[in-house]
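# Chains, contacts and geometry: an overview
Next come the chains, spelled out residue by residue.
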Amino acid sequence: MQGDGFGESEKQSGGIDASHTQFLADKLGVVFRNTSYQFLSANTNDCADLLTTASLTTSPDIFGVANTCFWSNDVYQRNPAIPEAVEGAFYENAGANGPYVRTS
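The following refers to the structure shown.

Criteria and thresholds
- Residue numbering note: each chain is counted from 1, following its sequence as written.
- With pLDDT at 70 or above as the cut-off, local features in this predicted model cover only qualifying residues; side-chain atom pairs require 80 or more to be listed or tallied, and sums for whole chains, interfaces and linings still use all residues.
- Each side-chain value is derived from all of the structure's non-hydrogen atoms; neither hydrogens nor water enter the calculation.
- Only Phe, Tyr and Trp rings are paired, with Trp represented by its six-membered ring, and only when their centres lie within 6.5 Å; those with planes under 30 degrees apart are stacked, over 60 edge-to-face, the remainder tilted.
- Only DSSP runs of H or I covering at least 4 residues are called helices, and only runs of E covering at least 2 are called strands; the numbering of each starts at the N terminus.
- Working definition: with a 1.4 Å probe on protein chains only, accessible area under 20% of the residue-type maximum means buried, over 50% means exposed, and in between means partly exposed.
- For our purposes a nonpolar core is just a set of buried Ala, Val, Leu, Ile, Met, Phe, Trp, Tyr and Cys residues, chained together by side-chain atoms within 4.5 Å.
- We call two residues in contact whenever any of their non-hydrogen atoms come within 4.5 Å of each other.

## A word on the packing of aromatic side chains
For the coordinates displayed, the defined rule picks out three aromatic pairs. With a centroid separation of 5.8 Å and an interplanar angle of 85 degrees, the aromatic rings of Phe 32 and Tyr 76 are classed as edge-to-face. Linking Phe 32 in strand β1 (residues 30–34) with Tyr 76 in strand β4 (residues 75–78), this pair joins segments that are 44 residues apart in sequence. Phe 32 gets classed as buried once you look at its relative accessible area, which sits at 14%. For Tyr 76, a relative accessible area of 3% gives the class buried. Here the aromatic residues Tyr 37, Tyr 91 and Tyr 100 are joined through ring pairs into a cluster of three or more.

Right, here's the structure in full:
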């Protein structure tokens, strides 16, 4: 699960019912970082590189994700309390706030 709204919704719902943020942290192995890759990175290109790691695929391909102001790409951090959680993909490392974890 990734993209516009899922992580953001779980983070916001966590203010009402902590099981939502606990789901992100314990089951998905991530900590919600920001609602918008574009805002956090200052990368305003319409398409941003998506770089996968060997834990997700052995393909050296670089993928792309839409990166416009019409929706936001959630940014996460790997939950260090879950040792088996690993970064699966990163958004393009633009700006001064990287790296930007897409999936874990």
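## Points about the nonpolar core
Counting residues in each nonpolar core, the largest one holds 10 residues, listed as Tyr 37, Leu 40, Ala 48, Leu 50, Val 65, Val 75, Ala 89, Tyr 91, Ala 94 and Tyr 100. Looking at this core, the elements with two or more residues in it are α3 (37–41), β2 (47–52) and β5 (89–91). The contacts of Tyr 37, once residues within four sequence positions are left out, are Ala 42, Asn 43, Ala 48, Asn 67, Asn 73, Val 75, Tyr 91, Glu 92, Ala 94 and Tyr 100. One finds Leu 24, Val 30, Phe 32 and Tyr 76 within the second-largest nonpolar core, a separate group that totals five residues.

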